[in-house]
Amino acid sequence: MTDSRGRVTKDGIRIYEQSDFAGMHKAGRLAAQLLDELIPMVVPGVTTGELDKYITDRVVQEGAVSATIGYKGYKHATCISVNHVVCHGIPAEKRLKNGDIVNIDITVIVDGWFGDTSRMYVAGKLGRKAERLIDITHESLMRGIAMVKPGNTFGDIRHAIQSYAESQRTSVVRDFCGHGLGRVFHAPPNVLHYGRAGTGAVLEEGMIFTIEPMINLGRPETKVLADDWTAVTRDKSLSAQFEHSIGVTADGCEIFTLSPAGKFHPTYG
């Protein structure tokens, strides 16, 4: 889907009007609401395919469109990544086990606007190491978001995430990043989650993008499996991810994908 709205910066980043933010809020809220609905369903014994089927049906019921079904041949409305899967896990007949940590990623299209978000879930009892990783990953995202305001740079976001995650003796995945969003699924900029403060493009009011750090308990290296989608940690260490869609305002930012139930983090609001 192409988009002719607004101007484009020298870095190729589209600047949207503040009036466009209403469409992003609508799309983001639906995506977050659907993830809220999954909370009681993520339990030991459920298959990732069953979770995906629920979301697939609900997107249709809501009169929205899944952005991922048909995207580069992908066949599902979600990516579901379990334990050492970093991202792009394919829903299947795999049953969740007690203690599994699960990232579920969804993107919906509502009236031409894309709502993209992911969050962590826990099947059964949460282990201490996994709990620590989830907390660090959530805090990394929120520290990155705290840097979003006009005049700061994308490097400020990157540095806030990397410096915190590494101070907690975890690592930041380098192989995947956030991206521009709006009336397109993926657009400039690439939003890296590591780097030096004060570098990169300067943030401007009207920019829309995702921040979605992937944090590993072990080393940062990943590999993609033979299915050409599923990315896993090379050392098989646990990985976690949280993702919000963000719009830059005159004095800060708006988060389009806030959980309506206040349950974006699996153990607190």
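Quick summary incoming for the structure in this document. Since the structure is predicted, the reported quantities are computational estimates derived from the model, not experimental observations.

So, how was this worked out
- Residues numbered from 1 in each chain as written.
- Predicted model: local features only at pLDDT ≥ 70, side-chain atom pairs only at ≥ 80, totals over all residues.
- Heavy atoms only, no water.
- Salt bridge = Lys/Arg side-chain N within 4 Å of Asp/Glu carboxyl O.
- Helix = DSSP H or I, 4+ residues; strand = E, 2+ residues; numbered from the N terminus.
- Buried < 20%, exposed > 50% of the residue type's maximum accessible area, 1.4 Å probe, protein only.
- Pairing = 2+ DSSP bridges.
- Expected span 1.5 Å × (residues − 1).

### Description of the pattern of salt bridges
Piece 1. Per the counting criterion, the structure on display carries 12 salt bridges.
Piece 2. A salt bridge links Glu37 to Arg58, with the nearest nitrogen and oxygen atoms 2.8 Å apart. Placement of Glu37 in helix α1 (residues 21-38) and of Arg58 in helix α2 (residues 48-61) is noted, with a sequence separation of 21 residues between them.
Piece 3. Glu166 is the partner of Arg174 in a salt bridge, and the nearest nitrogen-oxygen pair spans 3.7 Å.
Piece 4. For Arg174, a relative accessible area of 33% corresponds to the partly exposed category.
Piece 5. Sharing partners across several salt bridges, the network here consists of Glu37, Arg58 and Glu62.

### A look at the pairing of strand β10 (residues 187-191)
Piece 1. Across three bridges, the pairing between strand β9 (residues 178-180) and β10 is antiparallel. In the strand pairing of β10, Gly180 is matched with Ala187.
Piece 2. Linking β9 back to β10 in an antiparallel pair, the connection comprises six residues, with Gly182 at a positive phi of about 145 degrees.

### Description of helix α3 (residues 128-145)
Piece 1. For α3, which comprises 18 residues, the first-to-last C-alpha distance of 26 Å matches the rise-based estimate of 26 Å (1.5 Å per residue) to within 8%.
Piece 2. Of all the residues in α3, the buried ones are Ala130, Leu133, Ile134, Ile136, Thr137, His138, Ser140, Leu141, Gly144 and Ile145.

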